[in-house]
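Spelled out from the first residue to the last, the chains are:
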Amino acid sequence: MRLARCQQRDTIMELPKKKYTTEERAALTKKLDDELEQFMEEMAARKAEKSEPKKPFDFDEWCKEIDQHPAFMTELKSTDGKYHDTIEALQAMKYNKEDDEDLQMNAEHHKNEGNKHFKFKKYRWAIDAYTNGLKEKCADKKLNAILHFNCAAAHKHIGNLRSAIKSCSMGRKFDPTNLKGVVRGAECLLELEYGRDALEWIETSKKMFAFVKETSEDSDLNEDEKKFIEKMEELRKKAVELSLLEERNLRKSKVEERKDIESKRKLLDALKSRNLNLSPRLPFDYPELMDNSRLTVSLSFMKKHEIVQFDDENNLIWPILLQYPEVGQIDVLTETCEKTTVGELLQAVLDSPAEWDKEHVYKFENVRFFIADQYDEYLMEVYEWNDFGSVLSTPGYQIKQGLPVIMIFTHDKIKKSLIASEEYENRFTVV
C-alpha cells in the first residue's frame, strides 16, 4: 500500500478593498485593544477553573496559546469567524497605511535608482529598477510616463528596439506631452526602417500633444517643447522619405512575387504533365504554396545548390546523381537535358576514367545502367537509347528531393549479384 500525503496550506486573507480614514483606523485600534484585554481575561479565567495542581510555568506552552490571538499571529490566517473583525482591523492597520503618497515615494526611489544605473551604463539594471517603479502603480501619470520612457531609453541602448517602442507607446498613454519620450519612440521606429509607422507615430503624437495643451491652463510652449517639436519635424521628413522608399520596395516586391509565382506555376505544370513520381509531393495546383526547397539539391561537395529548371527551348534541365555501388563512388552531373539519351551523356562521362578508376574498369562498353524502384525492392535496367525524360517517368521510379539517381554496374558485378526477373522484363533483384 502506498501512502500519499499532502501538505495543507493556510489560506491567507485577501487585502481589504476599503480605504480607511484616520478616525476609522482609530476606532479599529480601540476595538482591537478591548478584544485583546478580554482575550487575556478569558485565558486567565480558564486557568483558574481547572482543578489540576499548579504546574511550573511553561514558556513554550504559553507562547502556543497566546499565538492563537490575531494580535500575535505572524500570518493573518482565515478563521471560523471568531476573530474576523479583529483580523480586519489588523489588516487595515497593516496594509492600508501605504497610501498614494507612499506608492509615489517608492516609485520615485526606483526611478532615481534606475537613473544611477543608467548613468554608469548598467542598462539592464536600470530596466529592472524602472520596472519595479512601475509595479508600484502610483497615481502620478507623469511619473509613470517617465518610468516607461526611461525604460525605453535603456532598451534602446542595448539594442532592444522593439521593446523600447512598446515602452514609448505605454509612456505616451500616460503623458502625451512628454515630447522627449515621443521623439525617442520615433527614432526607434526609424532605426528599424519602419517609415510609415514612424510617420503615423509622429502625426498622432502631435495631435495628442496639441489637444492636451489646448485644454490645459498653460497652453504656451516652453523652450524644451519647442526644441522637441523641431526635432519631431526633422524626424517626420525622414519618415516621409523612408515611407516613400518602403512603398517603392513594396511595389517591387509584389512584382517579383508575381513573377516568382508564375515561374513556379510553369515548372509545376511541366512536372505534372510528365507524370513524374516526386518525393516530397508538390502542390501542383497551388503555386503560391510551392517551396523550392522541395526540389533543391544541396550536397556537401557541390559548389552551389542545384534545382530542375528550363532551358531556352523549355526543356527540363536536371541534376543527375551517378552511383557506382561496387566501389562506393558517385558523380554529380548538372544541366542534364531531358531530351539527351543515356548513351550520349554517359559515353562522354565514362570515356575519361575517374581518379579512383585507375585501371579504367568503368568503360562504356563494360557497364550497364539501372534505376531502383521507390521502395528499393528491385532494379530496372535502362538503355543507352533511352532519353532521360522517359527514364524519369518510368512507372515505379521515384525522384527524391529533386535528384534523379542512375546506378552503373560492370558486367562482372551483374553476373555475380543481380538476378533477372522471370515475370517482368528488365527487372532485377540484388542477391
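Everything numeric here is computed off the predicted structure, so don't read it as measured data.

### Quick look at the overall build of the protein chain
In terms of regular secondary structure, the protein chain is built from 13 helices and 10 strands. Out of the 431 residues in the protein chain, the part that is buried amounts to 35%. Sequence-distant contacts in the protein chain: of pairs separated by 6 or more residues, those separated by 24 or more amount to 58%.

### A look at the packing of helix 8 (residues 179-191) against helix 10 (residues 223-273)
Between helix 8 and helix 10, the least distance of the axes is 10 Å, while the angle of their chain directions is 20 degrees. With respect to each other, helix 8 and helix 10 are oriented roughly parallel. In this structure, helix 8 meets helix 10 at a crossing whose hand is left-handed. Contacts between helix 8 and helix 10 pair Leu179, Lys180, Val182, Val183, Ala186, Glu187 and Leu190 from the former with Glu225, Phe228, Ile229, Lys231, Met232, Leu235, Lys238, Ala239 and Leu242 from the latter. Across the contact of helix 8 with helix 10, the residue classes tally to 11 nonpolar, no polar and 5 charged.

### Some remarks on the nonpolar core
Leu271, Trp318, Leu322 and Phe369 are the most contacted members of the largest nonpolar core, which has 35 residues in total. For this core, the secondary structure elements donating two or more residues are helix 10, strand 3 (316-324), helix 11 (342-351), strand 5 (367-372), strand 6 (379-382), helix 12 (388-392) and strand 8 (405-410). When residues of this core are assigned to their parent elements, the largest contribution, 5 residues, is made by strand 3. For Trp318, the residues in contact, after removing those within four places along its chain, are Leu271, Leu276, Leu278, Val308, Leu333, Thr334, Glu335, Thr336, Leu392, Ile399, Gly402 and Pro404. Counting residues in each nonpolar core, the second largest holds 24 residues, with Ala145, Cys168, Trp201 and Ala239 among its members.

### Structural notes on the packing of helix 6 (residues 141-157) against helix 8
Contact pair helix 6 / helix 8: the axes reach a minimum separation of 10 Å and the direction vectors enclose 30 degrees. One finds that helix 6 runs roughly parallel with respect to helix 8. Viewed along their axes, helix 6 and helix 8 form a crossing whose handedness is left-handed. Here Phe149, Ala152, Ala153 and Lys156 of helix 6 come into contact with helix 8, specifically with Gly181, Val182, Arg184, Glu187, Cys188 and Glu191.

### A few points about helix 5 (residues 123-135)
Here helix 5 contains 13 residues, and its C-alpha end-to-end distance of 18 Å stays within 8% of the 18 Å for a straight helix at 1.5 Å per residue. Tyr123, Ala126, Ile127, Ala129, Tyr130, Gly133 and Leu134 are the residues of helix 5 that are buried. For helix 5, the buried positions fall inside an angular range of 165 degrees around the axis, keeping them on one side. Exposed positions of helix 5 whose direction lies more than 90 degrees from the buried face are Arg124, Trp125 and Lys135. Against helix 4 (100-119) and helix 6 lie the buried residues of helix 5. Phi turns positive, to about 55 degrees, at Lys137, one or two residues after helix 5.

### A word on unusual backbone geometry
Glycine aside, residues mostly have negative phi, and peptide bonds are mostly found in the trans state. Backbone torsion omega between Ser279 and Pro280 reads 0 degrees, so that peptide bond is classified as cis. Among the structural elements, Pro280 can be located in the loop between strand 1 (278-279) and strand 2 (309-310). Backbone geometry places Asn275, a non-glycine residue, at a positive phi of 55 degrees. Its relative accessible area of 64% is what places Asn275 among the exposed residues. Look at Glu335: it is not a glycine, yet its phi comes out positive at around 60 degrees. If you trace the backbone, Glu335 turns up in strand 4 (residues 329-337).

### Some details on the pattern of salt bridges
Within this structure, the stated rule accounts for 12 salt bridges. In this structure, the salt-bridge partner of Glu108 is Lys111, at a minimum N-O distance of 3.4 Å. Placement of both Glu108 and Lys111 in helix 4 is noted, with a separation of 3 residues, approximately one turn of the helix. Where Arg236 meets Glu233, a salt bridge forms, and the shortest distance between an N and an O atom there is 2.9 Å. Of this pair, Arg236 and Glu233 are both found in helix 10, 3 residues apart, which corresponds to roughly one turn of the helix.

### What about the packing of aromatic side chains?
Applying the stated rule across the entire model yields 8 aromatic pairs. Relative to Tyr123, the ring of Phe118 lies with its centre 5.2 Å away and its plane at 75 degrees, an arrangement referred to as edge-to-face. By relative accessible area, which is 24% here, Phe118 ends up partly exposed. Among the aromatic residues, ring-to-ring pairing joins Tyr324, Trp356 and Tyr362 into one connected group. The cationic tip of Arg427 hangs over the ring face of Tyr424; the distance from NZ or CZ to the ring centre is 3.9 Å.

### Overview of the pairing of strand 5
With respect to burial, strand 5 is a largely interior element, 5 of its 6 residues being buried. Of the pairings in the sheet, the one linking strand 5 to strand 8 comprises 4 bridges and is antiparallel in character. Within the sheet, the bridge partner assigned to Phe369 lies in strand 8 and is Ile408. Bridge analysis of strand 5 against strand 6 gives 4 bridges, and the strand direction is antiparallel. Bridging from a neighbouring strand, Phe369 pairs with Val382 of strand 6. Following strand 5, the chain reverses through 6 residues before pairing antiparallel with strand 6; Asp376 in that reversal takes a positive phi of roughly 55 degrees.

### Thoughts on the pairing of strand 3
Of all 9 residues in strand 3, 8 are buried, a share of seventy percent or more. When strand 2 meets strand 3, the two strands line up antiparallel, connected through 2 bridges. The residue bridging Gln309 from the neighbouring strand is Ile317, located in strand 3. Examined bridge by bridge, strand 3 and strand 4 share 7 bridges and lie antiparallel to one another. Bridging across to strand 4, Leu321 finds its partner in Val332. Two elements, strand 3 and strand 8, share 3 bridges in a ladder whose sense is parallel. Bridging across to strand 8, Gln323 finds its partner in Met407.

How each quantity is defined
Residues numbered from 1 in each chain as written. Predicted model: local features only at pLDDT ≥ 70, side-chain atom pairs only at ≥ 80, totals over all residues. Heavy atoms only, no water. Helix = DSSP H or I, 4+ residues; strand = E, 2+ residues; numbered from the N terminus. Buried < 20%, exposed > 50% of the residue type's maximum accessible area, 1.4 Å probe, protein only. Contact = heavy atoms within 4.5 Å. Axes fitted to C-alpha atoms, helices over the stretch in contact; angles between N-to-C directions. Parallel < 35°, antiparallel > 145°, perpendicular 65-115°, else oblique. Left-handed = near helix turned anticlockwise from the far one by under 90°. Nonpolar A, V, L, I, M, F, W, Y, C, P; charged D, E, K, R; others polar. Core = buried A, V, L, I, M, F, W, Y, C linked by side-chain atoms within 4.5 Å. Expected span 1.5 Å × (residues − 1). Arc of directions from axis to C-beta. Salt bridge = Lys/Arg side-chain N within 4 Å of Asp/Glu carboxyl O. Phe/Tyr/Trp six-rings, centres within 6.5 Å; stacked < 30°, edge-to-face > 60°. Lys NZ or Arg CZ within 6 Å of the ring centre and 35° of its normal. Pairing = 2+ DSSP bridges.

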